[in-house]
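Residues per chain, in single letters:
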Amino acid sequence: RALEAAIERMYYVAEIVRVDNITEKMGVSHWQAQTDRGYAAFEVVDRTRHVRKLPGDRVMIVDADGNRFTIKRVADLDARSQALIRSEI
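Bear in mind that the values here come from a model prediction, so they are computed numbers and not experimental data.

## Considerations on the pattern of salt bridges
Here is step 1: Per the counting criterion, the structure on display carries 7 salt bridges.
Here is step 2: Note that Arg47 and Glu88 form a salt bridge whose closest N and O atoms lie 3.3 Å from each other. Placement of Arg47 in helix H2 (residues 47-50) and of Glu88 in the segment after helix H3 (79-86) is noted, with a sequence separation of 41 residues between them.
Here is step 3: A salt bridge links Asp57 to Arg86, with the shortest nitrogen-to-oxygen separation between them at 3.7 Å. Taken as a pair, Asp57 in the loop between strand S4 (51-54) and strand S5 (58-62) and Arg86 in helix H3 lie far apart in primary sequence, 29 residues in all.
Here is step 4: We classify Asp57 as buried; its relative accessible area is 16%.
Here is step 5: Exposure remark for Arg86: the relative accessible area of 38% places this residue in the partly exposed category.
Here is step 6: Among the charged side chains, a network of salt bridges with common partners joins Glu24, Arg47 and Glu88.

Take a look at the structure:
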């Protein structure tokens, strides 16, 4: 919890609540998602480094601009979102 609090203070962190689409072009993943702060469209350049599975079915994503997105528990999302996310981790 201390780490989560520190991350939230230091960085913009939006919670993804639904993934609408993920496409890939030339090694760059293009995400379209709904977050707790509204709609977000962003790019992930290196998914092996910037899409991380964390304990407790959590995921942390860092986009090409350094913004951070979190998924608190993948299993709590709808089936389509889960399938899209699992294809990236």
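## A word on the packing of aromatic side chains
Here is step 1: Tallied over the full model, the rule gives 2 aromatic pairs.
Here is step 2: Ring geometry for Trp31 against Phe42: centres 5.5 Å apart, planes inclined by 20 degrees, an arrangement best described as stacked. Taken together, the residues Trp31 in strand S2 (residues 28-35) and Phe42 in strand S3 (residues 38-44) connect sequence positions 11 residues apart.
Here is step 3: Residue class for Trp31 comes out buried when judged on its relative accessible area of 1%.
Here is step 4: Aromatic pair Phe42 and Phe69: ring centres 4.1 Å apart, planes at 10 degrees, arrangement stacked.

Rules and cut-offs
Residues numbered from 1 in each chain as written. Predicted model: local features only at pLDDT ≥ 70, side-chain atom pairs only at ≥ 80, totals over all residues. Heavy atoms only, no water. Salt bridge = Lys/Arg side-chain N within 4 Å of Asp/Glu carboxyl O. Helix = DSSP H or I, 4+ residues; strand = E, 2+ residues; numbered from the N terminus. Buried < 20%, exposed > 50% of the residue type's maximum accessible area, 1.4 Å probe, protein only. Phe/Tyr/Trp six-rings, centres within 6.5 Å; stacked < 30°, edge-to-face > 60°.

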